[in-house]
Amino acid sequence: MTQQLMSAQAPPAPPATGLPRHAVSLSSWRRADYERVWERAEWMLGSSTETLARTAPGALLGVLFYQNSTRTRLSFEVAARRIGGSSVGFCDVTTTRAGDFYQESLEDTVRVIGSYADILVLRHTDDDAAERAAAVSPVPVVSAGTGDREHPTQAMLDLWVLRSKLDSLTGVTVGYVGDPACRYARSLVHGLATFHAAGIVFLSPDGTRVPDDVRATLARARMSWRTAGSATELLRAVDAVTIIPFELSDFHESAVRSHTRSARLDQRFVFDAGLLSRTGTGVPLIHTGPRGPELPPETDDLPNVHYFEGVTKGVHLRAALLAELLAGHRRR
Ligand code: CP
């Protein structure tokens, strides 16, 4: 969280309003819901550590990670501490009764930890895990990525960062680099549709396709879409680019696979410093992480590459979301 301490006269936090009870899918989120969270996240960016710690003193975040994570889990745990709370939970299911002889169900695990904590964050291998958790949880549930279904907080974060670069999401065309069938794509497309983006251009690994449900979301929103054949073509066609790891793991697996990554990524898919200095110099680029050869470290200092800015702001975004959901839960 920001170390730029503000004065004691920092503006008061925006009043909390009614978000959906859970954050498991962006399909039901309204424009006002995003703006609510982003307004609070902006406020948090400019607030002192002491002010932030008065946001939700004593709040307890329950962390249920059935699948690996660096950014999402740790930014949620840091966010809970920054707003005055703390966290309990697991990131290795084999240490719990859900991962041993008893194979305790997701529903029972959620009800147990939900009886200790004030809010839960869940990453899971099953597509429907967040919905199942929300159906039984006594407290709000946030999806931190479930199967191939959705990754709502990553999309909320990236749309916030993109909006700050473009001023508005309405009418923009976004480049999407990676597999269009993954959970992040689904959440991102819901968000772009909500903000009436003009369209999306996919640059995707050979053999992947835009799935029917994503096509249907785009059609309902009257958003155009097409595919590009190279990073150069993509950069010439869009206002901003969001990138995911070009080589994805299987989101239905919990553990590290003995997997040899491809030796070299086809140059058509690489956004290297040479390309970015020739083409698309004014096009903002973000990456969900973990970044791979599609966006090499040599690009980090380019003014339009915002990978680590997104990483940092992930704490503020998730802290704002926790604060809003906790406040809403207290009022119910
Ligand atoms: N972007 C993202 O989900 O990263 P982690 O897997 O490290 O949480």
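About the thresholds
- Residues numbered from 1 in each chain as written.
- Predicted model: local features only at pLDDT ≥ 70, side-chain atom pairs only at ≥ 80, totals over all residues.
- Heavy atoms only, no water.
- Helix = DSSP H or I, 4+ residues; strand = E, 2+ residues; numbered from the N terminus.
- Rg over C-alpha atoms; globule rule 2.2 N^0.38 Å.
- Buried < 20%, exposed > 50% of the residue type's maximum accessible area, 1.4 Å probe, protein only.
- Near = heavy atom within 4 Å.
- Polar contact = N/O pair within 3.5 Å; in protein donor to acceptor, adjacent residues only side chain to side chain.
- Areas by Shrake-Rupley, 256 points an atom, 1.4 Å probe, with all protein chains shown as cover.
- Nonpolar A, V, L, I, M, F, W, Y, C, P; charged D, E, K, R; others polar.
- Domains from an automatic or database assignment.
- Arc of directions from axis to C-beta.
- Contact = heavy atoms within 4.5 Å.
- Buried area = accessible area lost by both parts, 1.4 Å probe.
- Salt bridge = Lys/Arg side-chain N within 4 Å of Asp/Glu carboxyl O.
- Pairing = 2+ DSSP bridges.
- Axes fitted to C-alpha atoms, helices over the stretch in contact; angles between N-to-C directions.

1. So, the overall build of the protein
Per the secondary structure count, the protein includes 11 helices and nine strands. For 332 residues, the compact-globule estimate of 2.2 N^0.38 gives 20 Å, and the C-alpha radius of gyration of the protein, at 20 Å, lies within 12% of that figure. Here the C-alpha coordinates of the protein stretch approximately 55 × 50 × 40 Å along the principal axes. Taken across its 332 residues, the protein has 55% of its residues classed as buried.

2. Things to note about the site of the ligand
Taken together, Ser69, Thr70, Arg71, Thr72, Arg123, His151, Gln154, Thr288 and Gly289 make up the full set of residues near the ligand. Glutamine 154 places a side-chain nitrogen or oxygen 3.0 Å from a nitrogen atom of the ligand. One of the backbone N or O atoms of glycine 289 is found 3.4 Å from a nitrogen atom in the ligand. A total of 260 Å² of accessible area belongs to the ligand in isolation, and the protein chains cover 90% of it. A breakdown of the residues in the shell around the ligand according to their chemical character gives no nonpolar, seven polar and two charged. For the shell around the ligand, the domains that each give at least three residues are domain 1 (2-151 + 311-331) and domain 2 (154-308).

3. Considering helix α5 (residues 129-136)
Three or more residues of α5 are buried, namely Ala129, Ala130, Ala133 and Ala134. The buried residues of α5 occupy an angular sector of 130° when projected down its axis, which confines them to one face. The inward-facing, buried residues of α5 contact α4 (106-114), β3 (119-124) and β4 (141-146).

4. Quick word on the environment of glutamate 35
Position of glutamate 35 among the secondary structure elements: in helix α1 (residues 31-45). For glutamate 35, a relative accessible area of 33% translates into the label partly exposed. Spatially, the C-alpha atoms of glutamate 35 and valine 161 are 12 Å apart, while their sequence positions differ by 126 residues. The residues touching glutamate 35, leaving out its near neighbours within four places in the chain, are Arg163 and Phe195.

5. Brief notes about the domain arrangement of the protein
If you check the domain split of the protein, you get domain 1 (2-151 + 311-331) and domain 2 (154-308). In total, about 2,900 Å² of surface goes out of reach between domain 1 and domain 2, with carbon and sulfur atoms giving 57% of it. When the area that domain 1 buries against domain 2 is broken down by residue, the three leading residues are Trp38, Asp148 and His151, summing to 24%. Put simply, glutamate 35 and arginine 163 hold a salt bridge, and the shortest N to O gap is 3.9 Å. Viewed at the interface, domain 2 and domain 1 are joined by 18 residue pairs in polar contact (both at pLDDT 80 or more). Those elements giving two or more residues to the side of domain 1 that touches domain 2 turn out to be α1, β3, β4 and α11 (307-331). Counting residues per element, the side of domain 1 that touches domain 2 draws most heavily on α11, at eight residues.

6. Things to note about the sheet that holds β3
Strand order in the open sheet formed by four strands is β2-β1-β3-β4, with parallel pairing between adjacent strands. Two strands bound the open sheet, and with one partner strand each, they are β2 (86-90) and β4. Across the sheet, the mean angle separating the axes of adjacent strands is 15° when strand polarity is ignored. Sitting on the sheet, helix α3 (residues 71-82) touches β1 (60-65), β2, β3 and β4, and the angle it makes with β1 is about 170°. The strands that α4 touches are β1, β2 and β3; relative to β3, the one it contacts most, it runs at about 150°.

7. As for helix α8 (residues 212-220)
Given 3.6 residues to a turn, an α-helix orients residues that are three or four positions apart in the same direction. Listed as buried for α8 are Val214, Thr217 and Leu218. The buried residues of α8 occupy one face: seen down the axis, they fall within an arc of 95°. Exposed positions of α8 whose direction lies more than 90 degrees from the buried face are Asp212, Ala219 and Arg220. Next to the buried residues of α8 lie α7 (183-194), β6 (199-203) and β7 (224-227).

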